[in-house]
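Below are the chains, spelled out letter by letter.
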Amino acid sequence: MDVDLLRPGMIPIAPNTKLWFEFLIEPSLLEEHLNNPHADPSATELLIKFLYSSMERPKDLPLIDIDDLMDNSRIDKKIEYRKRKKYECLTIWAMKIVSFWEWDLNILQTRVPISLQIIFVQDLLDLVSNGMNLIDFESHISIEDLSQLKDEQIFAIALFHRWTLNVIINYTLSKKSSFTLGPVQDGNEDVLLKLEMQTCNWFKGLTVSSAEFLSQIMYDYAKYKFFKAQYEEAGIYFKKCKKLNMNLTPSLFHKIKLEELNGFCAACSSEITEKSSLLMQFLYSTQTNHNKTDNQIMEIPMFLRDALELDLASMLSLGKFTASRDMLLHIHTMNAIRRASVTSGEIVLLPPEDYVTKIKFNLRGPEIFLKDIKLCTQIKDKKFRKNIKMFVCNVLLKCPKNLVKDILKDGHEEIHELFGDEDIHKLLTLPEDIPTINIDMSKRLDRLKITQINNVNVQKVLLKNKISIEYDSSNLRSLLQQLHKMDVDPMFSILDINYEWQVPLPLHSLLMGLPNGLFKFLVIILIAKSKEMIKLNDFERAKLLLREAETETKINNNIMYSKIRQLISWEGLYTEMLQFQYEFKNFAIGDLVERCKQCLEFVQSDNLIPRQEIAEQCVLTLLNVGEWEYLTKRHYNCFKLPLAIAYTCLDVNKFKGTKKSAKEVWDLILPVFDYGYSATNKRPLDGDPQCTQNRVLSQNDIMRVFLSLRDQNAIQIVLSLLAKIQNVLRDESAMELIMPFLNIWPVVPNNMSIPLRNITEVLGIVLTESLKYHPNHIILLKLKGDLQYVMGHYSSAMKWYLEAIVIVSDYFARPVLKPMIEDYVYKRMMKCCMQMQNFTQAAILCLFQEEIDYATAFKCASETNSCDALDEYYDYIWDISLLEFLIYWHTKLNHQEHRQKLLKTIGALELNANNNEEIKREAANIRKLKFLRALSQQYVHP
């Protein structure tokens with residue numbers, strides 16, 4: 001039976017169950033209740049109840065929006081009604097519960113919805129403010145002397161900023177969305193009047209030492225820096241924290257786990273000593289060119305040892321690492337032995353053929369082999385020694401006879417420890433090696449006309465290979481100097497080293513006009529490698545390479561070098577704009593907007609102009625940051641589409657949308673999909689340098705613009721236009737796509753020939769790309785569900801509708817608000833379930849609509865070939881009429897088991913028809929959320 005134990009008036013309840021207002025009447029009950037391991041309600045439930053109740057507003061005030069909570073300009077208005085004793089008492093009791101958790105932020109953030117966490121930390125700041133405006137977070141910066149604050153004020157400020165750092169990490173990882181808080185019911189207000197004189201006693205708290213306090217703050221700040229990939233700075237604070245921790249012990253406040261701290265230090269390479277574990281030393285060694293690797297203890301995972309072998313071989317061949325020539329063979333031997341020790345039953349892995357070859361062709365091969373075997377024979381484990389014996393035997397069987405004799409000759413104690421005299425005799429009497437056949441290849445080479453390559457050409461090839469894989473400018477300069485000294489052909493082009501390298505045409509033209517030399521080669525390579533990094537989405541390295549190229553041009557101030565420097569600067573801006581587009585919400589904009597505007601000022605100049613791709617990206621960037629008014633004052637024939645979208649965004653936000661602004665975008669996009677329009681009139685944006693006005697964009701043009709949109713308003717404008725075209729072409733009211741701004745678009749002319757499939761495909765691509773950057777956008781999620789619904793993909797449609805409901809309900813933590821999930825969504829979900837023959841689910845979804853469709857609900861409930869869980873969903877039904885029909889239906893079919901379950905469900909006290917509306921509504925909300933959670937487990941997380 002589903003009864004809300006926190007809400008008075010719901011019966012029955014167990015004798016040991018406490019109603020929430022009892023804790024307000026008798027304060028001592030709270031501590032006693034929280035110390036009960038089986039407390040009912042739990043501490044979490046009580047905290048959520050107290051916080052929700054403290055947020056109830058008078059009926060004449062609007063609902064609280066999450067934006068209000070984080071907007072400092074609205075704080076005074078919010079505090080105005082929360083200052084009343086009614087709300088302060090509930091807040092104090094919430095503080096007591098969190099203090100029972102010893103102010104552990106991990107518990108708070110894993111058990112309490114994020115909206116209530118915001119309320120809690122703001123209430124804490126307000127409670128200790130004592131006349132100061134601590135709830136205005138910006139005021140914390142102006143506090144110069146913390147000693148002037150009271151202990152409780154310092155504690156609250158520190159806790160708030162620790163919570164901020166942690167919630168950023170948890171919020172990003174969990175991908176939760178902000179939402180509008182709904183109305184919350186309060187309990188009996190009369191009992192709160194008895195607590196009018198109640199205040200907090202901060203002196204009952206525990207004293208925390210400054211070292212504990214500083215250590216905890218450093219640890220949280222270092223974790224935040226680590227999360228932001230600022231490992232060097234994080235390592236500094238982790239090291240300081242570790243130093244403080246040496247003299248501290250875990251306490252009620254100080255809860256840093258030493259294992260975690262050591263792990264963070266190792267990850268940041270902040271401290272590795274000889275006492276560190278072998279694995280830690282190994283990982284640190286891989287970051288410091290393998291200067292201290294110990295291969296005597298076999299505890300390092302095999303995949304890491306393999307990676308070490310490959311890394312060393314690569315670095316030795318490229319000259320990046322110097323070591324004894326026998327070091328690599330030692331590693332080969334130890335890895336081969338390690339593989340032999342990893343067995344399954346009686347199966348021993350054979351040594352690889354290339355390893356035996358390395359022993360044969362290395363003068364010290366037998367000596368190294370025996371030396372490493374000797375290290376392993378010191379291990380006394382019988383199974384391990386048996387495996388090593390099999391390994392040595394397999395190696396010897398693959399070696400030439402003379403090499404076997406060298407290895408088995410008298411005096412090698414390590415071999416005699418593994419093999420007896422009889423075994424050694426058998427190995428020595430093995431048949432001679434099979435004779436090899438020598439083939440004279442000289443005649444074949446002559447026939448193929450292969451000529452010998454002279455040493456200079458070999459060096460050139462090696463230098464070019466090194467240049468192609470090098471990304472450090474100083475190393476590149478050195479390599480190019482060596483190449484330039486080899487009398488390079490005057491017709492030689494540096495881009496011939498790698499045919500994948502590309503340099504933008506304006507820069508290519510200017511640089512190719514310069515004579516061959518170090519400056520020309522170096523700048524071209526730096527620019528080409530930056531483009532290579534852009535393709536790999538490594539924008540930071542691309543920007544670094546371009547900055548180095550720009551620095552090279554400062555050696556001369558003549559006009560040619562100035563032009564090259566300006567063009568490189570624009571390429572750097574272009575790279576940063578692409579990075580903004582790729583990273584979007586995680587990108588710090590800085591002065592990017594101003595630089596885009598400055599770049600656009602050159603577009604219509606008579607002198608040096610940025611290439612069209614850069615100028616278009618500037619327009620798109622300004623569109624994505626909301627600089628619509630600036631764009632509407634500019635006129636560029638080449639960028640009509642993004643400018644028209646900006647005009648429509650401005651119009652929709654200021655004047656709620658007009659047909660005039662929308663028609664400009666409509667007229668640009670509609671002809672692109674019209675197959676009847678002459679194909680000769682369509683051209684790519686960069687195909688015509690004059691950008692004439694009488695030609696139509698190509699589909700590639702509009703897709704490039706659409707897929708570059710990141711602003712929510714611009715995305716909704718484009719999607720609503722495509723949805724409007726789709727609705728008109730489909731011409732079925734039951735299959736219409738629903739979203740804002742559909743009413744601003746003109747009608748589609750009758751003489752146009754637009755294929756529905758083409759529109760649907762483009763809409764799907766743009767919508768999928770938009771959801772990558774706005775995964776919690778409810779309108780986009782519902783539109784994705786609509787699109788899947790009209791295409792007949794019913795299971796996928798359910799998934800996307802439920803994704804939207806998950807966000808609105810904060811993962812089913814609170815009721816679903818009607819304005820955000822409309823009736824048509826539930827109706828389409830019901831039809832999806834009917835199409836999939838999940839009729840019981842469909843019947844319950846009929847109850848979610850404002851006007852319940854009983855005819856469809858009864859029809860679905862009476863279906864006998866349902867493919868869902870049938871009676872397992874009966875506990876989720878709250879509507880008496882549907883329950884009564886189901887009882888009648890199962891009685892008619894003589895389904896006694898189903899009938900008994902329904903009778904038990906309908907007999908629940910909270911479903912009694914005589915209950916007040918509040919109890920009925922609460923019972924319905926609980927069952928709705930449970931049912932939606934069950935659907936989510938089936939369709940969203942199967």
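Worth saying up front: this structure is predicted, and the values here are computed from it rather than measured.

Before going further, it helps to spend a moment on the overall build of the protein. Counting secondary structure elements, the protein contains 45 helices and two strands. Taking the intrachain contacts of the protein between residues at least 6 apart in sequence as the baseline, contacts between residues at least 24 apart amount to 65%. Put simply, the protein shows about 49400 Å² of open surface, and 53% of that area lies on carbon and sulfur atoms.

It is worth spelling out the packing of helix α36 (residues 712-730) against helix α37 (residues 756-773) at this point. Between α36 and α37, the least distance of the axes is 10 Å, while the angle of their chain directions is 155°. Considering the angle they form, α36 stands roughly antiparallel to α37. Every pair of crossing elements has a handedness; the one defined by α36 and α37 is left-handed. Side by side, α36 and α37 meet where I715, L719, L722, I725, Q726, L729 and R730 of the first sit next to L756, I759, T760, V762, L763, V766, L767 and S770 of the second. The residue inventory of the contact of α36 with α37, partitioned by class, reads 11 nonpolar, three polar and one charged.

Let us look at the packing of aromatic side chains. Counted according to the given criterion, the structure contains 29 aromatic pairs. Ring centres 4.7 Å apart and planes at 5° place the aromatic pair F238 and F264 in the stacked group. Of this pair, F238 sits in helix α12 (residues 231-245) while F264 sits in helix α13 (residues 258-267), placing them 26 residues apart in sequence. For the pair shown, F238 and F264 are each scored as buried. With centroids separated by 5.6 Å and ring planes inclined at 40°, the aromatic side chains of Y854 and F858 adopt a geometry described as tilted. Highlighted residues: Y854 and F858, both in helix α42 (residues 854-861), separated by four residues, approximately one helical turn. Chaining the aromatic ring pairs together yields one cluster made of Y826, F848, Y873, Y876, W878 and F931. Over the face of the ring belonging to Y630 we find K597, whose NZ or CZ atom lies 4.8 Å from the ring centre. When the ring centre of F848 is taken as reference, the NZ or CZ atom of K928 above it lies at 5.6 Å.

A few words on helix α27 (residues 518-535). Here α27 spans 26 Å end to end across 18 residues, near enough to the 26 Å set by a 1.5 Å rise per residue. Among the residues trailing α27, N537 stands out with phi positive, at a value near 60°.

Moving on, we get to the confidence of the model for the protein. Overall, the predicted model of the protein reaches an average pLDDT of 76, with 73% of residues at or above 70. Across residues 175-198, confidence stays below pLDDT 50; counting only partners more than four residues off in sequence or on other chains, it has 57 contacts. Long-range and interchain partners of residues 286-296, a stretch whose pLDDT sits below 50, account for 24 contacts in this model, where long-range means more than four residues apart.

Side chains that are nonpolar tend, in soluble globular proteins, to be buried together. I494, L641, I645 and M829 are the most contacted members of the largest nonpolar core, which totals 169 residues. Excluding anything up to four places from it in sequence, I494 contacts L480, L483, W501, F521, I524 and I525. Counting 39 residues, the second-largest nonpolar core is a separate cluster that includes I97, V121, A156 and L159.

Relative to the elements of secondary structure, M390 occurs in helix α19 (residues 382-398). For M390, a relative accessible area of 38% corresponds to the partly exposed category. Note: C-alpha distance between M390 and L418 (28 residues apart in sequence) is 9.5 Å.

Before going further, it helps to examine the environment of L929. Tracing the chain through its elements places L929 in helix α45 (residues 917-939). L929 has contacts with S809, F812, R814, P815 and V816, leaving out every residue within four places of it along the chain.

Here we come to the pattern of salt bridges. Scanning all chains against the criterion turns up 24 salt bridges. A salt bridge links K782 to E822; the shortest N-O distance between them is 2.8 Å. Of this pair, K782 sits in helix α38 (residues 778-790) while E822 sits in the loop between α39 (794-808) and α40 (823-835), placing them 40 residues apart in sequence. When its relative accessible area of 28% is taken as the criterion, E822 is described as partly exposed. Here the residues in one salt-bridge network are K531, E571, R611 and E613, joined through shared partners.

Where α38 meets α40, the axes come as close as 11 Å, and the angle between the chain directions of the two elements is 35°. Regarding α38 and α40, the two cross each other, and that crossing is left-handed. Residues K782, D786 and Y789 of α38 lie in contact with α40, whose contacting residues are Y824, V825, R828, K831 and C832. Per-class residue counts for the contact of α38 with α40 are four nonpolar, no polar and four charged.

To continue, consider the environment of F521. Structurally, F521 is set in helix α27. Considering only alpha carbons, one finds F521 and L480, 41 residues apart in sequence, at a separation of 7.4 Å. Excluding its chain neighbours within four sequence positions, the residues that come into contact with F521 are L480, H484, F492, I494 and N516.

On to the state of the cysteines, then. Applying the stated criterion to the full structure yields zero disulfides. Unpaired in terms of disulfides, C860 finds its nearest cysteine sulfur in C846, a separation of 5.4 Å. A relative accessible area of 2% places C860 in the buried class.

Here we take up unusual backbone geometry. Positive phi outside glycine occurs at N537, with the angle close to 60°. You can see N537 is positioned in the loop between α27 and α28 (539-552). A relative accessible area of 35% means that N537 is categorised as partly exposed. Positive phi values are uncommon outside glycine, yet N894 reaches one of about 60°. Secondary-structure assignment places N894 in the loop between α43 (880-892) and α44 (896-906). Judged by relative accessible area, N894 falls into the exposed class, the value being 53%.

Rules and cut-offs
Residues numbered from 1 in each chain as written. Predicted model: local features only at pLDDT ≥ 70, side-chain atom pairs only at ≥ 80, totals over all residues. Heavy atoms only, no water. Helix = DSSP H or I, 4+ residues; strand = E, 2+ residues; numbered from the N terminus. Contact = heavy atoms within 4.5 Å. Areas by Shrake-Rupley, 256 points an atom, 1.4 Å probe, with all protein chains shown as cover. Axes fitted to C-alpha atoms, helices over the stretch in contact; angles between N-to-C directions. Parallel < 35°, antiparallel > 145°, perpendicular 65-115°, else oblique. Left-handed = near helix turned anticlockwise from the far one by under 90°. Nonpolar A, V, L, I, M, F, W, Y, C, P; charged D, E, K, R; others polar. Phe/Tyr/Trp six-rings, centres within 6.5 Å; stacked < 30°, edge-to-face > 60°. Buried < 20%, exposed > 50% of the residue type's maximum accessible area, 1.4 Å probe, protein only. Lys NZ or Arg CZ within 6 Å of the ring centre and 35° of its normal. Expected span 1.5 Å × (residues − 1). pLDDT = per-residue confidence, 0-100. Core = buried A, V, L, I, M, F, W, Y, C linked by side-chain atoms within 4.5 Å. Salt bridge = Lys/Arg side-chain N within 4 Å of Asp/Glu carboxyl O. Disulfide = S-S within 2.5 Å.

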